[in-house]
Amino acid sequence: GVAHGRLAGPVLILFVAGAIYGIHALGYVEFGTARRLALAGSFRRLLNAQISLDTVARELRAASTVGECWRHLETAYPSFGFASIELEVDGTRMVHPPEADLSRTAWVVNVNLKNGNHLLLRRDAGMGNHTTLAAAFAEMVQKELPAKLETPKAKAASA
């Protein structure tokens, strides 16, 4: 029993070291990518971004007017790597920031909503945020916002 207790620690360490070596020797791309994400802190940033994305989606679902949706979007868009945002609903155009410098725009995401309504998200050249987050934000808005534009209450509030 005493020998077993003394050897448990070294045996566990050898087992873990062997498992790590074995995984490394297999050469799977997934393990190398996961290691780089963990060591660079990217995994935590991606997790935080997903939490932020889920929070904005929840806020959009809870909003009762287009104006409330706009306030949530204009607060959130910079966190997802965009330099400006523009929402057009039934001929009403909302832009943030009001004096956006469009000459620095590297690319634009046009999110088509129903009935000719749309959302434009602009990203400047050299912005450091991960583009995957930008795409996830645009997809989430495209999924959540059209339902808010269809309700009579929301339509009346946007006028």
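Look above for the structure.
Residues numbered from 1 in each chain as written. Predicted model: local features only at pLDDT ≥ 70, side-chain atom pairs only at ≥ 80, totals over all residues. Heavy atoms only, no water.

A. Focus on the pattern of salt bridges. By the definition in use, this model includes four salt bridges. A salt bridge links arginine 93 to glutamate 86; its shortest N-O distance comes to 3.0 Å. Residues glutamate 86 and arginine 122 are paired through a salt bridge, measuring 3.3 Å at the closest nitrogen-oxygen approach. Here glutamate 86, found in strand 1 (residues 84-89), pairs with arginine 122, found in strand 4 (residues 118-124); they are 36 residues apart in sequence, far enough to count as distant. Judged by its relative accessible area of 6%, glutamate 86 falls in the buried class. The class for arginine 122 is buried, based on a relative accessible area of 12%. A cluster of three or more residues bridged by salt bridges with shared partners is formed by Glu86, Arg93 and Arg122. (Salt bridge = Lys/Arg side-chain N within 4 Å of Asp/Glu carboxyl O. Helix = DSSP H or I, 4+ residues; strand = E, 2+ residues; numbered from the N terminus. Buried < 20%, exposed > 50% of the residue type's maximum accessible area, 1.4 Å probe, protein only.)

B. Structural detail: helix 5 (residues 131-150). Counted at 1.5 Å a residue, the expected span for helix 5 with its 20 residues is 28 Å, and the 30 Å between its end C-alpha atoms agrees. At glutamate 144, helix 5 shows its maximal kink, close to 30°; a proline, proline 146, follows between one and four residues later. Buried within helix 5 are the following residues: Leu133, Ala134, Phe137, Ala138, Met140, Val141, Glu144, Leu145, Pro146, Lys148 and Leu149. (Expected span 1.5 Å × (residues − 1). Bend = angle between axes of the 7 residues up to and from the residue.)

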